[in-house]
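Report on the structure
For reference, the chains in residue letters:
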Protein chains: 2
Amino acid sequence: MNGSVGIVETKKVTFPEITLECGEKIAPVTVAYETYGELNERGDNAILILHALTGDAHVAGKHRPEDKVAGWWDPMVGPGRPFDTNKYFIVCSNVLGGCYGTTGPSSINPATGKPWGMSFPIITIRDMVNLQYMLVRHLGITKILAAVGGSMGGMQALEWAYMYPEMLKSVVAIATSARLSPFGIAFNAVGREAIMTDPEWRGGNYYGFEGPKRGLALARMIGIITYKSDISWQYRFGRTHTYETDQELFSHTSRFEIENYLYYQGDKLVKRFDANTYLYLLKAMDLHDISRGRGRYREILKELKTPLLAIGIDTDFLYPTYQQKEIVEALKEAKKEAYYWELSSPHGHDAFLIEFSKMSPILSNFLEYVAGRRATINF
Amino acid sequence: MNGSVGIVETKKVTFPEITLECGEKIAPVTVAYETYGELNERGDNAILILHALTGDAHVAGKHRPEDKVAGWWDPMVGPGRPFDTNKYFIVCSNVLGGCYGTTGPSSINPATGKPWGMSFPIITIRDMVNLQYMLVRHLGITKILAAVGGSMGGMQALEWAYMYPEMLKSVVAIATSARLSPFGIAFNAVGREAIMTDPEWRGGNYYGFEGPKRGLALARMIGIITYKSDISWQYRFGRTHTYETDQELFSHTSRFEIENYLYYQGDKLVKRFDANTYLYLLKAMDLHDISRGRGRYREILKELKTPLLAIGIDTDFLYPTYQQKEIVEALKEAKKEAYYWELSSPHGHDAFLIEFSKMSPILSNFLEYVAGRRATINF
């Protein structure tokens, strides 16, 4: 009963064009996506999962039986799991600007026959949502039970609530903010700077060259620090290293285990991710502010019409819990339906990608409630 | 009564040699230092102030009347101030490996006639303390009332307590740890990587060249993020920027005010600091562990003989308050005299360089007690 979605595939659909917030158009535009479960006849049992910065459409299952790793939220999705494919039709797409099949800066610009690079237009979280909306309509979905995401995925979920409330029955926003904090912008700024100061970045025209490997790796190392917590590394690494003597440790090339881990994570991302996409998505996060161009922040929060569950993580220092609480508080003040639940975990921001067993009952409960299968929320 | 130390000068003394923990010698070795107030006849009214990463010996006063900025802890030092120059003889020296007059990687290696660069031996916090000890003896000091420092300065203060307890009447360790956490090592690792991936670093042989300006600036930008707090930037910058339209904001070159601030701070450090010194001091901090080579961490803490005041900052996420509390708890368990005081401030780690009026009564009180001028500590 409680199992995996099994073997899945990433599909693609191409639309004639999308008009962006910046005023430019991308034509045509392709979206890579995966779906699990079946859409019912009324088209109203869909759930939209929204991925974070370096994520992709591959939420659950495996592409090939021999794959070592399943999708990034696999334990959450499948028959009998919180995102229950016996009941719901689950959709996740790679974001606009991404490098996992959806049109982005590493895609070929039809006007030039070359990769867009930094000539790709600036995209925003709202643009991502608009492309998802096109996909959702294309799939015949009439109602989305929940738009669910963590971190950058949560930003999209919140924009969904503002932009398409008539399509949406609820929002689950995890470890995120309705506007990126200056602290978050600061970390994004140094990540970008790491990439753009690498001579191999070549102003973004590195396709066919080596590419800004060290710059992207450094950006990722910085990112990884912000996704974990002091306490998680105290437990996991402490000050351990593999040198037998102080003399070996006393060197500019010696590394503590925590350093080996960071370098490993940096190199790992370089193998799978496009540096320009990294720049575009960081910028989209910086520009994320649900009130931008709409009105006062707290008033815009109060305008959200969709029942909302905000999940904070007690050790997340990148998106501290006050940022999720303030959304719920504003909604409650406006007499809207909103819930806050705190995930207690040593893992920091990344806990939403790790603490499946803690999150499962909460998400199950909330989705059952939203789907009308239970009368009250109980957590 | 309550005033500045006025015009001061940095002095230098050169010793024939120093033997380092790594086994190598530096010969000769020069120390740059400043003193304020007068040493009494018994030589026992000295206080040692120990600077942080990018600090120097210039704690208080001005070098020239036209100087716009006074020393880095100026409001704390002078007649009637907590480090009262009517009562105490205050000493601060630039650390070994530094770039403000004390021998470091930018100094000329007498054996080659060229700057040491990365051939400078690896130094540790203990080496810094040993050189300070040589200076202290040279100045005729017989007893140090207090060794006081924040951040890297606090690491030195704690090592003083272990290494020269017979010289020391007390320790004040602020926003620091008795061993650098893996979280701290991680931030140092990305700072180093930023410098060393800059082609202008040239393996450390950049003297006479442009130098790794962008790399050092990036390292500093990363550092600055860790010295402040989410909440301080919410208040100070929020999401402010100077663009009138979204179109102007939607650009890879647009910057939020927080970004302008980071770039400004990065450039500012490049003008005043040596990149190789930055690398050596970060490594010294990484190697800092009061128990390294001595025994079990908590047992070594318990061996400290010197009365201690540890100050934590509630918003410091780089050196969280549990790190200062654990020192005090270990000492109390061993029936030693130890006090913990928490500085409440939005400014994060940097609060010890900002919150003078909050720290003053505590430090005054503690120093008076240590000097035998008051019978009890009262805070």
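No experiment lies behind these values; they were computed from the predicted model shown.

Some words on the relation of the copies chain B and chain A
Once turned by 180° and shifted 0.0 Å along the axis, chain B lies on chain A with an RMSD of 0.0 Å. The symmetry that links the two subunits is that of a two-fold axis. Interface overlap between copies is the fraction of interface residues in one copy that are interface residues in the other; for chain B against chain A it reaches 100%, indicating a shared surface.

What to know about helix α8 (residues 275-287) of chain B
The end-to-end C-alpha separation of α8(B) is 19 Å, in line with the 18 Å expected for 13 residues at 1.5 Å each. Counting buried positions over the 13 residues of α8(B) gives 13, a clear majority of the element.

Quick word on the packing of aromatic side chains
Tallied over the entire structure, the rule returns 36 aromatic pairs over all chains. Following the ring pairs from residue to residue traces out a cluster consisting of F183(A), F187(A), W233(A), F237(A), Y261(A), F317(A), F183(B), F187(B), W233(B), F237(B), Y261(B) and F317(B). The ring of Y263(A) carries R255(A) above its face, with NZ or CZ at 3.5 Å from the centroid. Stacked on the ring of F209(B), the Lys or Arg R202(B) has its end atom at 3.8 Å from the ring centre.

Considerations on the UniProt feature "binding site: substrate" (unreviewed entry) in chain A
Residue and element names in this part refer to chain A. According to UniProt, the positions carrying the feature "binding site: substrate" (unreviewed entry) are R220 and D350. On the basis of their most widely separated C-alpha atoms, the annotated residues across 131 residues gather in one place, lying no more than 13.7 Å apart. Tracing the backbone through its elements, the reader meets R220 in helix α4 (residues 213-227). Here R220 is in contact with T54, Y227, Q265, G266, L269, R272 and Y278, once residues within four sequence places are set aside. In this structure, D350 sits in the loop between β12 (338-343) and α11 (356-370).

Considering the interface of chain B and chain A
Counting residues at the interface gives 55 residues for chain B, matched by 55 residues for chain A. Roughly 5100 Å² is buried in total at the junction of chain B and chain A, and carbon and sulfur atoms are behind 66% of that figure. Contact with chain A buries area across many residues of chain B, yet R239(B), F250(B) and H252(B) alone supply 16% of it, more than any other trio. The interface formed by chain B and chain A contains eight salt bridges. Between R214(B) and E193(A) there is a salt bridge; the shortest N-O distance is 3.6 Å. Our enumeration of links across chain B and chain A arrives at 22 residue pairs in polar contact (both at pLDDT 80 or more). Of all the secondary structure elements, the ones that give two or more residues to the side of chain B that touches chain A are α3 (182-196), α4 (213-227), α5 (230-236), α6 (246-249), α7 (257-272), α8 and α10 (321-333) of chain B. Broken down by element, the side of chain B that touches chain A gets its largest block of residues, eleven residues, from α3(B). Tallied by class, the residues present in the side of chain B that touches chain A amount to 30 nonpolar, twelve polar and 13 charged.

Details of the UniProt feature "active site" (unreviewed entry) in chain A
Residue and element names in this part refer to chain A. Under the present numbering, the feature "active site" (unreviewed entry) in UniProt falls on S151, D316 and H349. Spanning 199 residues, the named residues form one tight spatial group whose C-alpha atoms are at most 10.8 Å apart. Mapped onto the elements of the fold, D316 is located in the loop between β11 (308-313) and α10 (321-333). Residues in contact with D316, not counting those within four places in the same chain, are A175, G348 and H349. Within the structure, D316 has its side chain in polar contact with the backbone nitrogen of L318 (distance 2.9 Å).

A look at the sheet that holds strand β5 (residues 46-50) of chain A
Residue and element names in this part refer to chain A. Strands sit in the order β1-β4-β6-β5-β9-β10-β11-β12 across an open sheet of eight strands; the sheet is mixed. Two strands close off the open sheet at either side, each with one partner strand: β1 (11-15) and β12. This sheet shows a mean twist of 20° between the axes of neighbouring strands, independent of strand direction. For β5 and strand β6 (residues 89-93), the ladder comprises four bridges, and the chain directions are parallel. Paired with L48 across the bridge in β6 is V91.

Conventions adopted
Residues numbered from 1 in each chain as written. Chains lettered and ligands numbered in written order. Predicted model: local features only at pLDDT ≥ 70, side-chain atom pairs only at ≥ 80, totals over all residues. Heavy atoms only, no water. Least-squares fit on C-alpha atoms with pLDDT ≥ 70 in both. Contact = heavy atoms within 4.5 Å. Helix = DSSP H or I, 4+ residues; strand = E, 2+ residues; numbered from the N terminus. Expected span 1.5 Å × (residues − 1). Buried < 20%, exposed > 50% of the residue type's maximum accessible area, 1.4 Å probe, protein only. Phe/Tyr/Trp six-rings, centres within 6.5 Å; stacked < 30°, edge-to-face > 60°. Lys NZ or Arg CZ within 6 Å of the ring centre and 35° of its normal. UniProt positions renumbered as here; feature names shortened; annotations may be inferred. Buried area = accessible area lost by both parts, 1.4 Å probe. Salt bridge = Lys/Arg side-chain N within 4 Å of Asp/Glu carboxyl O. Polar contact = N/O pair within 3.5 Å; in protein donor to acceptor, adjacent residues only side chain to side chain. Nonpolar A, V, L, I, M, F, W, Y, C, P; charged D, E, K, R; others polar. Pairing = 2+ DSSP bridges. Axes fitted to C-alpha atoms, helices over the stretch in contact; angles between N-to-C directions.

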